[in-house]
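A look at the structure
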Amino acid sequence: MARQIKETPILFGEDGRRFEENMRNAKCTVTPEQYKVMYSHYKTVLACLERGEAARKEWI
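Please read all numbers here as calculations on a predicted model, not as lab measurements.

**Some details on the overall build of the protein chain**
The helix and strand inventory of the protein chain stands at 2 helices and 0 strands. Expected size for 60 residues packed as a compact globule is a radius of gyration near 10 Å; at 21 Å, the protein chain overshoots this value by more than 25%. Along the first, second and third principal axes, the C-alpha atoms of the protein chain reach 60 × 40 × 20 Å. Out of the 60 residues belonging to the protein chain, those deemed buried represent 2%. Surface accessibility of the protein chain: about 6,600 Å² in total, with carbon and sulfur atoms responsible for 60%. In the protein chain, the 11 positive side-chain charges and the 9 negative ones have mean positions that sit 3 Å from each other.

Take a look at the structure:
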């Protein structure tokens, strides 16, 4: 049996300010080459889903 998920803590004071600053200054670590690979994978999955949906409609 699964355990319950605890509530997300709310950050106050210095912890909250530090977290907010880190989120504002977050940088993307994905290179353009990695992005191209990820996007091609995305397009492949999308095409597979569309083919599957078309095949499902043919059966109905």
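**What to know about the pattern of salt bridges**
Tallying each qualifying case throughout the model produces 5 salt bridges. Notably, a salt bridge pairs Glu 21 with Arg 24, separated by 3.2 Å at the nearest N-O pair. Of this pair, Glu 21 and Arg 24 both sit in helix H1 (residues 13–24), 3 residues apart, which is roughly one turn of the helix. Here Arg 56 ties to Glu 53 by a salt bridge, and the two come within 2.6 Å at their closest N and O atoms. One end of the pair, Arg 56, and the other, Glu 53, are both in helix H2 (residues 32–59), 3 residues apart, so they sit about a helical turn from each other. Classification of Arg 56 as partly exposed rests on a relative accessible area of 42%.

**Concerning the packing of aromatic side chains**
The final tally for this structure, using the stated rule, is 2 aromatic pairs. Here Tyr 35 and Tyr 39 contribute two aromatic rings whose centre-to-centre distance is 6.3 Å and whose plane-to-plane angle is 15°, an arrangement assigned as stacked. One end of the pair is Tyr 35 and the other is Tyr 39, both in helix H2 and 4 residues apart, which spans about a single turn. Look at Tyr 39 and Tyr 42: their rings are 6.0 Å apart centre to centre, the planes differ by 35°, and that puts the pair in the tilted class. Residue Tyr 39 and its partner Tyr 42 are both found in helix H2; the two are separated by 3 residues, about one turn of the helix.

Conventions we followed
- Residues numbered from 1 in each chain as written.
- Predicted model: local features only at pLDDT ≥ 70, side-chain atom pairs only at ≥ 80, totals over all residues.
- Heavy atoms only, no water.
- Helix = DSSP H or I, 4+ residues; strand = E, 2+ residues; numbered from the N terminus.
- Rg over C-alpha atoms; globule rule 2.2 N^0.38 Å.
- Buried < 20%, exposed > 50% of the residue type's maximum accessible area, 1.4 Å probe, protein only.
- Areas by Shrake-Rupley, 256 points an atom, 1.4 Å probe, with all protein chains shown as cover.
- Lys, Arg positive; Asp, Glu negative; His and termini not counted.
- Charge placed at Lys NZ, Arg CZ, Asp CG, Glu CD.
- Salt bridge = Lys/Arg side-chain N within 4 Å of Asp/Glu carboxyl O.
- Phe/Tyr/Trp six-rings, centres within 6.5 Å; stacked < 30°, edge-to-face > 60°.

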